[in-house]
Amino acid sequence: GKIPFIGSILTSLLFPIYFLGSIFLVFSILVFFSSFLILPALTGAHSQDTIGSVFHSYQILFNQPWRLITYNLLLLPIIVFSMKVLSWFYESSFNLINIILEEVIGKSYSNIISYASSLLNVDFIINDNNIFQILTSNLENLSLELLDFLFLFFEQLLNIFLTILPSLIYNSNGGYISSTETFSAVILSVSLIFLYLSFFSYGFSILSVGQTIIFIIFKKLMEDENLLKSSHGNNDKTNEIDSSTITDSSAKILGLSSEEE
């Protein structure tokens, strides 16, 4: 475009190519976001390398866009509901064990569990000015208008998951806490951290299973390939090879050739 005289002419002539390239770039951005969900299931269920994974990511979004959106919208309530149920079990178990141990141990336990839970207070990420919402807003300001809806959706989705976090907070009026109780509380807080991590891992496991089922459905629809059946067929083939190997080995042990046998 900066070439004298003919630059503006070339730009006008090549504009359709630029436009098609821009369409492909926008589509690639959408593939980039969708790949965060489908790629782990794709590589795990189909054993694809990098090139194959990229190809299938484009293929799925191009051929099955509405199914991809619909299936994930159906999967999202399942994840939220399941994590909400698990959150209720976590909170109920946490409160039950606190009632029992507080009666048995007394004020010392109240001090320990109160200080340990204060180290894991997650209220700061639930308010309106948390770091995740600020990051989302900045990304939204830098994005194209076409992607504003996606960032708004991700922000609202994050808020939903933050509201179902189990509350493992315990408030105590035990008074003075000794150095031994403080040290014990720090050790106990590690267990509470792993409880939170197990809570998130449960949600990710549902997401992983759901995405695997979605990919298996897509593979059947697009290429009429049943990944479950082909996997079973490979096992049968392996068993046949192993059986023939055993037969040949037994023939060698007996000193017979395959024709004599």
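Quick notes on the rules
- Residues numbered from 1 in each chain as written.
- Predicted model: local features only at pLDDT ≥ 70, side-chain atom pairs only at ≥ 80, totals over all residues.
- Heavy atoms only, no water.
- Helix = DSSP H or I, 4+ residues; strand = E, 2+ residues; numbered from the N terminus.
- Buried < 20%, exposed > 50% of the residue type's maximum accessible area, 1.4 Å probe, protein only.
- Contact = heavy atoms within 4.5 Å.
- Areas by Shrake-Rupley, 256 points an atom, 1.4 Å probe, with all protein chains shown as cover.
- Salt bridge = Lys/Arg side-chain N within 4 Å of Asp/Glu carboxyl O.
- Phe/Tyr/Trp six-rings, centres within 6.5 Å; stacked < 30°, edge-to-face > 60°.
- Axes fitted to C-alpha atoms, helices over the stretch in contact; angles between N-to-C directions.
- Parallel < 35°, antiparallel > 145°, perpendicular 65-115°, else oblique.
- Left-handed = near helix turned anticlockwise from the far one by under 90°.
- Expected span 1.5 Å × (residues − 1).
- Bend = angle between axes of the 7 residues up to and from the residue.
- pLDDT = per-residue confidence, 0-100.
- Core = buried A, V, L, I, M, F, W, Y, C linked by side-chain atoms within 4.5 Å.

1. Side note on the overall build of the protein
Regarding its fold elements, the protein presents eight helices and zero strands. Along the chain direction, N to C, the helices and strands of the protein fall in the order α-α-α-α-α-α-α-α. In the protein, buried positions account for 29% of the 261 residues. The long-range share in the protein, meaning contacts at least 24 apart out of those at least 6 apart in sequence, stands at 78%. Entry remark: accessible area of the protein is about 17600 Å², with carbon and sulfur atoms responsible for 69%.

2. Points about the pattern of salt bridges
Following the criterion strictly, the structure yields one salt bridge and no others. Between K220 and D224 there is a salt bridge; the shortest N-O distance is 2.9 Å. The exposure class assigned to D224 is exposed, which follows from its relative accessible area of 57%.

3. Details of the packing of aromatic side chains
For any pair of aromatic rings, the description consists of the separation of the ring centres together with the inter-plane angle of the planes. For the coordinates displayed, the defined rule picks out nine aromatic pairs. Geometrically, the ring pair formed by F27 and F62 is edge-to-face, given 6.4 Å between the ring centres and 85° between the ring planes. Taken together, the positions of F27 in helix α1 (residues 7–46) and F62 in helix α2 (residues 50–63) put the pair 35 residues apart, joining distant regions of the chain. Ring plane angle 55° and centroid distance 6.1 Å describe the contact between Y90 and F199, whose orientation is recorded as tilted. Of this pair, Y90 sits in helix α3 (residues 65–105) while F199 sits in helix α7 (residues 179–223), and the two are 109 residues apart along the sequence. Members of the aromatic cluster, joined through ring pairs, are F24, F27, Y58 and F62.

4. Considerations on the packing of helix α4 (residues 107–119) against α7
Look at α4 against α7: their axes get within 8 Å of each other, and the N-to-C directions meet at 50°. In terms of orientation, α4 and α7 fall into the oblique class. Crossing angle aside, the handedness with which α4 passes α7 is right-handed. Contact residues: S108, N111, I112, I113, Y115, A116, S117 and L119 in α4; E181, T182, S184, A185, V186, L188, S189 and L192 in α7.

5. Focus: α1
Under the 1.5 Å per step criterion, the end-to-end length of α1 is only 48 Å for 40 residues, more than 12% shorter than the ideal 58 Å. A maximum bend of about 55° is found in α1 at S35. Buried within α1 we find G7, S28, V31, S34, S35, I38, A41, L42 and H46. Of the residues trailing α1, S47 is marked for its positive phi of about 55°.

6. Re the confidence of the model for the protein
Per-chain confidence: the protein averages 76 in pLDDT, with 73% of residues scoring 70 or above. For the protein, the element scoring lowest by mean pLDDT is helix α8 (residues 227–254), at 51; α3 scores highest, at 88. Scored below 50 in pLDDT, residues 237–241 shows zero contacts in the model against residues more than four places distant or in partner chains. Across residues 243–247, where pLDDT falls below 50, the model places one contact with residues more than four positions away in sequence or in other chains.

7. Let's talk about the nonpolar core
By size, the foremost hydrophobic cluster in this structure holds 23 residues, and its most contacted members are L192 and F199. Those elements that place two or more of their residues in this core are α3, α4, α6 (145–163) and α7. Per-element accounting of this core gives the leading share, eight residues, to α3. With residues up to four places along the chain from it excluded, the contact list for F199 reads M83, L86, S87, Y90, I164, L165 and P166. Counting residues in hydrophobic clusters, the runner-up holds twelve residues, among them L61, L68, F215 and L227.

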